[in-house]
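Remarks on the overall topology
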Amino acid sequence: MKITTVKMKIKSSNRLYLCLLILAYFPLFITAQEQPTYLVGGTFHIGNGEVVSDAHLLMMDGKIIELSTRFDNQIKNAKIVDVTGKHIYPGIIALNNIMGLNEIDAVRATRDYNEVGAFNPNVRTAIAYNTDSKILPTALFNGIVFTQAVPQGGQISGSSSLFYTKGWNWEDALVLEDDGVHLNYPDLTTANDALDQANTVQKQLEALVLFLEEAYQFCTLPKPQVFNLRFEAMRKVFTGKTNLYVHVGTAKGMLSALALIKDKYPTIKLIFVGAEEAYQLTSTLRLYKIPVVLTAIHRLPIYSHEPYDLSYQLATMLLDSGIQVAIAQAGSWESRNIMFHAGTAVAFGMDKEKALSCITLQPAKILGIANRIGSLEIGKEATIVISEGDILDMKSSKISTVYIKGEQVEINDVQQALNKKYRQKFKLKE
Amino acid sequence: MRYCFLILFYFWANAIFAQPTFPLNGPSNQKPEHFALAHATVWTNSEQMIQDALLLIENGKLIYVGAYKNIPADYTLVDLSGKVVYPSFIDLFSDYGVQWEPKKAYRNTHGFYSAKRGAFHWNEAIRAEEKAAAYFNPDEKQKAGYLTAGFGITLSAIQDGICRGSAVLVSTVSSSAQEAILKEEATMNWSFNKGSSTVDYPNSAMGSVALIRQTFYDTKWIKTQQESNISLTSLAKNQDLPVLFDAENKWAVLRAHKIANELNAKNWIIKGYGDEYQRSKELAEMRLPMVIPVNFPKPYDVEDPFDANRVSLADLMHWEQAPGNLASVNAAKIPFSITMKGCEDGHAFLKNIRLAVQQGLPETAALKALTETPAKLIGASAFCGSIREGMSAHLIVCDKPIFEKDAKVLAHWNGGVYMPVNFETDFPVTGLFELQSELPYQQIQITQQGAKLTGSLIGNDTLELSVSREAGTYQLSLIPDKKAALHCTMRLAFVKQNNVLQASGIATWQSGKTVSVLLKQVAVSNLKESPKQDSIQKLVSQIRFPFVEYGYTKIPEPEEVIFKGATVWTNTKSGIIGKQDVHIKAGKIIAIGAELSSATAKTIDAKGLHLTNGIIDEHSHLAIYKGVNECSQAITAEVRIGDVIQPEDINIYRQLAGGVIGAQLLHGSCNPVGGQSALVKLRWGKSAEEMKIKGADGFIKFALGENVKQSGGGPGLRYPQTRMGVEQIYIDAFNRALQYESELKQHPTTTRKDLELESLLEIIRKKRFISCHSYVQSEINMLLHVANQFGFRVNTFTHILEGYKVADKMKAHGVAASTFADWWAYKFEVMDAIPYNGAILNDMGIVTAINSDDAEMGRRLNQEAAKMIKYGNLSEEAAWKMVTLNPAKILHIDHLTGSIEIGKDADLVLWNNNPLSIYAKPLYTFVDGICYFSLASDLKSRAEVQQERNRIVQKMIALKQQGVKTQKQISIQDENYHCEDEN
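Reading the values: the criteria
Residues numbered from 1 in each chain as written. Chains lettered and ligands numbered in written order. Predicted model: local features only at pLDDT ≥ 70, side-chain atom pairs only at ≥ 80, totals over all residues. Helix = DSSP H or I, 4+ residues; strand = E, 2+ residues; numbered from the N terminus. Buried ≥ 20, exposed ≤ 12 C-beta atoms within 10 Å, placed from the backbone. Contact = placed C-beta atoms within 7 Å. Pairing = 2+ DSSP bridges. Right-handed = clockwise from strand over helix to strand, strands pointing away. Axes fitted to C-alpha atoms, helices over the stretch in contact; angles between N-to-C directions. Domains from an automatic or database assignment. Nonpolar A, V, L, I, M, F, W, Y, C, P; charged D, E, K, R; others polar. pLDDT = per-residue confidence, 0-100. Arc of directions from axis to C-beta. Parallel < 35°, antiparallel > 145°, perpendicular 65-115°, else oblique. Left-handed = near helix turned anticlockwise from the far one by under 90°.

1. With respect to the overall build of chain B
- A count of helical and extended segments in chain B gives 25 helices and 41 strands.
- Along the first, second and third principal axes, the C-alpha atoms of chain B reach 105 × 70 × 60 Å.
- Taken across its 983 residues, chain B has 52% of its residues classed as buried.
- The long-range fraction of contacts in chain B, counting pairs at least 24 apart against all pairs at least 6 apart in sequence, stands at 68%.

2. Considerations on the overall build of chain A
- Counting its secondary structure elements, chain A contains 13 helices and 18 strands.
- Expressed as lengths along the three principal axes of its C-alpha atoms, the size of chain A is roughly 75 × 50 × 45 Å.
- The buried share among the 430 residues of chain A stands at 50%.
- Intrachain contacts of chain A at a sequence separation of at least 6 include 69% that bridge at least 24 residues.

3. As for the pairing of strand β30 (residues 615-620) of chain B
Residue and element names in this part refer to chain B.
- In terms of burial, β30 is largely enclosed, as six of its six residues are buried.
- With four bridges connecting them, β30 and strand β31 (residues 660-665) associate as parallel partners. Of the residues in β31, the one forming a bridge with Asp-617 is Ala-663.
- With respect to chirality, the unit in which β30 leads through helix α14 (residues 650-657) into the neighbouring parallel β31 is right-handed.

4. Things to note about the sheet that holds strand β3 (residues 51-53) of chain A
Residue and element names in this part refer to chain A.
- Strand order in the open sheet formed by six strands is β3-β2-β7-β16-β17-β18, with mixed pairing between adjacent strands. Looking along the sheet, the strands with just one partner apiece sit at the ends: β3 and β18 (407-409). Each strand of the sheet is rotated relative to its neighbour by a mean of 25 degrees, with strand direction disregarded.
- Across three bridges, strand β2 (residues 43-45) lies against β3 in antiparallel orientation. Bridging from a neighbouring strand, His-45 pairs with Val-51 of β3.

5. Remarks on the domain arrangement of chain B
- Each assigned domain of chain B is listed with its residue range as follows: domain 1 (1-20 + 33-88 + 385-425), domain 2 (89-384), domain 3 (431-523) and domain 4 (615-897).
- Of note, the centres of domain 1 of chain B and domain 4 of chain B, computed from C-alpha atoms alone, are 66 Å apart.

6. A short note on the domain arrangement of chain A
All names here are of chain A.
- Taken domain by domain, chain A comprises domain 1 (7-90 + 397-425) and domain 2 (92-373).
- Put simply, the middle of domain 1 and the middle of domain 2, counted by C-alpha atoms, are 32 Å apart.
- Each partner contributes residues to the interface: domain 1 has 19 residues there, and domain 2 has 20 residues.
- Where the side of domain 1 that touches domain 2 is concerned, the elements lending two or more residues are β7 (87-90), β17 (399-404) and α13 (414-425).
- Looking at the side of domain 1 that touches domain 2 element by element, the count peaks at three residues for β17.
- A breakdown of the residues in the side of domain 1 that touches domain 2 according to their chemical character gives 11 nonpolar, six polar and two charged.

7. Some remarks on the interface of chain B and chain A
- On the chain A side, the residues contacting the 52 residues of chain B number 39 residues.
- Every element with two or more residues in the side of chain B that touches chain A is listed here: α8 (305-309), α14, α19 (807-813), α20 (837-843), α21 (855-858), α22 (861-872) and α25 (935-961) of chain B.
- Tallying contributions element by element places α22 of chain B first for the side of chain B that touches chain A, with five residues.
- The class makeup of the residues in the side of chain B that touches chain A is 27 nonpolar, seven polar and 18 charged.

8. Quick notes on helix α17 (residues 755-764) of chain B
All names here are of chain B.
- Listing the buried residues of α17 in full gives Glu-756, Leu-757, Ser-759, Leu-760, Leu-761 and Ile-763.
- The inward-facing, buried residues of α17 contact β32 (673-676), β34 (698-703), α16 (723-746) and β35 (768-774).
- Just beyond α17, the residue with positive phi is Lys-766, at close to 60 degrees.

9. A closer look at the confidence of the model for chain A
- Counting all residues, the mean pLDDT for chain A is 91, and 91% of those residues have values of 70 or more.
- Predicted confidence is poor over residues 1-24 of chain A, with pLDDT under 50, and the contacts of this stretch with residues over four places away or in other chains come to 23 contacts.

10. A short note on the sheet that holds strand β6 (residues 79-82) of chain A
All names here are of chain A.
- Pairing in this open sheet of four strands is mixed, and the strands run β5-β4-β1-β6 from one edge to the other. Each edge of the open sheet carries a strand with a single partner, namely β5 (63-68) and β6. Strand after strand, the sheet turns through a mean of 20 degrees between neighbouring axes, direction not considered.
- Here four bridges tie strand β1 (residues 37-40) to β6, and the two strands are oriented parallel to one another. By the bridge assignment for β6, Leu-39 is matched with Val-81.

11. Some details on helix α5 (residues 230-237) of chain B
All names here are of chain B.
- Taken residue by residue, α5 has Ser-231, Leu-232, Ser-234 and Leu-235 as its buried positions. Along the long axis of α5, the arc covered by the buried residues comes to 160 degrees, so they all point the same way.
- Here the buried face of α5 lies against α4 (205-222).

12. Quick look at the environment of Met-188 of chain B
All names here are of chain B.
- Following the sequence through the fold, Met-188 ends up in strand β9 (residues 181-191).
- As a C-alpha pair, Met-188 and Lys-31 span 157 residues in sequence and 38 Å in three-dimensional space.
- Dropping the residues within four chain positions of it, Met-188 is found in contact with Ser-166, Asn-238, Leu-241 and Val-243.

13. Side note on the confidence of the model for chain B
Residue and element names in this part refer to chain B.
- Counting all residues, the mean pLDDT for chain B is 91, and 93% of those residues have values of 70 or more.
- The model gives residues 1-17 a pLDDT under 50, and that stretch makes 25 contacts with residues more than four places away or in other chains.
- A low-confidence stretch, residues 527-537 stays under pLDDT 50, and its non-local contacts, those more than four residues away or across chains, total 13 contacts.
- On the interface metric, ipTM, the complex scores 0.92, and its pTM is 0.91.

14. A few points about the packing of helix α9 (residues 313-321) of chain B against α25 of chain B
All names here are of chain B.
- In the contact formed by α9 and α25, the axes pass within 10 Å of each other and the chain directions differ by 50 degrees. For the element pair α9 / α25, the angle class is oblique. Read as a crossing pair, α9 and α25 show a hand that is left-handed. In this structure, α9 uses Leu-313, Leu-316 and Glu-320 to contact α25, whose residues at the interface are Val-945, Glu-948, Arg-949, Ile-952 and Val-953.

15. Some words on the packing of α4 of chain B against α5 of chain B
Residue and element names in this part refer to chain B.
- Where α4 meets α5, the closest approach of the two axes is 9 Å, and the angle between their N-to-C directions is 85 degrees. When the interaxial angle is binned, α4 and α5 end up roughly perpendicular. The segment α4 lies against α5, with Asp-218, Thr-219 and Ile-222 engaging Leu-232, Thr-233, Leu-235 and Ala-236.
- Grouping the amino acids of the contact of α4 with α5 by side-chain chemistry returns four nonpolar, two polar and one charged.

Shown next as structure tokens:
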């Protein structure tokens, strides 16, 4: 595929021609914004719950400079893009997935997310993220611009980072390096099944408590006599500089995690991931201000007695209780549907703009970079998605344009090329 | 006198080795064999009782049964005053004395054929040649439980495998195998469980059904053949014996009955699980007798609310209702006998039987089920099951009527053999005793709590004593206590002397000093009230259909409804029309138009709402019991999903809540030819058979690619391992089917009926239709060629993610497509899958559906259809048809459902929004005019579920706090199967 960087200078007559020949006439990768751009008209969904209609937004030097309904002091040399009738959103943030770490689920050689051993806080997805993955473009096509590449497996899987879904290499795709360490909490629900299982869970718990305490002691030494990568990797977690993502589903597990981690190491920034039974603990979660990352709205209830729509309603129940919630979809290729998870939450009671916030501003807050991304607020990165209609509803969710740091990027890729190729073969209209 | 009776029994019990064929070692030891059992209350059968009876037994035979009369001189008198005599109980489901162990030599390395050498069945799970009699030897340990419970006779079988061979009827009283066997081969025993067989086939419940059916057909066929097959000839020889079928739950019972029906067999007896009350209507309609256990669950430990969460309502309700099962079975007039199977021991059995009686099982019915019925079922009424002149004496002696609390079986009588069970003193040793000894204490008090005896030593102070019994004597020991420096153990024998109970023996002191002790009873104490362990109230919860959460207490009926003013998605030429009324009645759509009215109809205000035909899922693995894949062979065309529908899968309800009304339940995709599908409507609460769409065409699953060539792992031994092999499997199979057809024509009576080839032949003859799991274009093209070669049409390619590459060829062949909206990247063969596939196929004029393959996605197929708009620019109408009319066409049921037209089934969903919008949710789901789901009724059900759970949980917690034993319970959740699942 040919890549061109002369995008804005091409005349419109040539554009059509080029469009047929090569899919990518916008930069495939992120470059610095060359020209200030106004998006004019349209409905701006800020990401913080607000909606501004018939406004204009100015992007300059990769940042949002202006968002206003009054359009008088137009700056010179700016490009004006008419977005009337369209919906404008902040770039969507997909938390907790393995895009870029996994290519084909069933092929071991393409899997890069699970290191050997129980305690691996030191391994980092930051350097394993494959920007040439075939999966990433399918997410970008739907408006997902940020992805948190999360390691899996073991008791402590490693350290995640936040990336753009487009980039030349991991280094330039990095948005936030080592945003947190991921801990898989022992599954207490199976503990009563059989003695040996109880023992396994008990052993896991003991090993976890011991690891945390040893790591903590190590990190408090002014000058350790030895080096230890695993313990060292926990330093930023203990000081609260990075998050500790605790992957835990049951209420029992969450209570246990609070008792064993939050109580002992109060400076740790604890985030529960999964948290299917969080609705049973709303006051506790609110008390300790624990944010929750839901890993699927589209899932079956766990128990046969649960209401059929419990997972659809869960995010709303938590939000209404004053708990900070992000919506995610675990997996790799599946993650491109994250906005529809948010949409289903709306069908079952959530406010639309709040649902949008669960995949934009809330994740940014959890990551601690809400000052940079997550909403269409002035001063933030101009990473913006334009949709033909409501982005949360597949019936109308068609992304026409994506800007990363003020630059329009190409969102079509192999799947669109194959569509085109075979439609042409069968002489079908496009 | 009573005492003498017991002693007598004790000694006689030792004299039972008198076998004529055995050589004598020393002088003979003959005993008198004429007995007069006098003064007992005798139940000669479940209805007739003789008080102050006399039974004369001569050489093991009853020669007189009647009122007391003068006893002939040469009879030994056994005084049974105050005792109650019943015919021996008969347990038809037992492994008593069967010393079966799967032979180690049979360990299989390849798993394709039996490792058992010789002219036996190819599948080791068919062990028809085995005789339990050949493995039988009385087992003293097992014996105690049966004797305590009153079972003097058991039908003992090898409880392992699908065909378990013949079962032997034995007396549990005899200690010699020769004497114990009453009938060498009484039944042929079967189950759905392959047990210890190391042959891969079957690995699913549906495979078991197929193997059973084929084996019965083979039994007929083997008679016409020269070929020897010891397993089959054993079956043929024993074909007149009753079949005793071990079914693991109520649906398995119906499954077994279906096989019996197909074979036109009348002599089947089915052993159930104890959950028959949940479907007593259907079970009564079978008109087959059953063997039913009384294995009532202990209450669950649900004190921790997190633990309570893990117990399903079905398990909670079953705990509460299981004791009422037999009453319900009896009321439904299902003929039944009772087995001890599943009870901890004989005491637990008797306790549970009494519980069943408390719950409304008449005592006479219980007695009949323990005696006459089992005897009759296995054709043994001539010598057991009742007490009649001329019969062998198989009877039990009880201290009081057996259904009364704490009644005990004192002795068994089996012909000439007696076996005492409880040879403890039959007077209570409780009471206050005067202590005569050198001990500084004057009295001993012995009290009983439940079955446990405790005592206290009374003097200036009172010390606790533990009481235990051994060989008829009692040991009283001071319970070690820091305060009491005293250690003392007494060993005593209780004897009634001149009507005063006394105990004599010795006491050993701490110092080692031994003194003699005599106790004399001065007061008889009453038993302490034992805690109310049995106090389960009468049935309080109602039966639910299905017996799970969100089940109905009454199965709903078709309603007459007019939906007023809806936007109607007709799926016809009329398209989507606003402000329409739709009138349904008796399960059908009877009118569509403006301003419809009817005096008898209920109206639903549908202004601003959308009315559509319900969603039909072409590719579902919902509601399947024990295995979606029969993976063991490349071709398993003989297995049928229709045999293993699990109508209580909670996911059925969840699909209804998502607007789904019907589905094709498909076999998985692990072999080139999988099993036959079941086409169902989601009739929640109805039985497996009722869920099936009547008159629907037969479908079958084929599969191509990575799954069938076992790319995911495994030993790689099964053919095929390449796409090349897949083609050859098909060509060979269809040729064999044609060959079978011509052999049948030439030799209709001697050709072996082959279920697999019959199914394949149906495909060629256009009576069965293929739904083929497929991904890449090469293999799609291949199957089209195979179909052309054999002159049939492939009905459907399902998944078909690269269909867009060969859409022209598919169009030319006339095959339909059923695909995912946007699944990809989960394995190598789906890397070229694109979300535009469905739209391209549709635009080519191929009938295209969007399917789920997953219970989660299945309940929001409307969203998946909407993705066709996002990715393929389809019109809303075209997108909507992809989950309604198109799948109906693909499944050949579009004459019944799939669109809103007069005369079609009222399979309707009323949505709160455009159904393709993510914001849409069903308000009502009707199937056949029956409202199986509505938001309002769902809210009501939630509250009920909550309430009912809480009520039973509280009851269990209360029992636990009273000291009743509880058990941990984690309920099994319904499986969510996918194609890919190994089984």
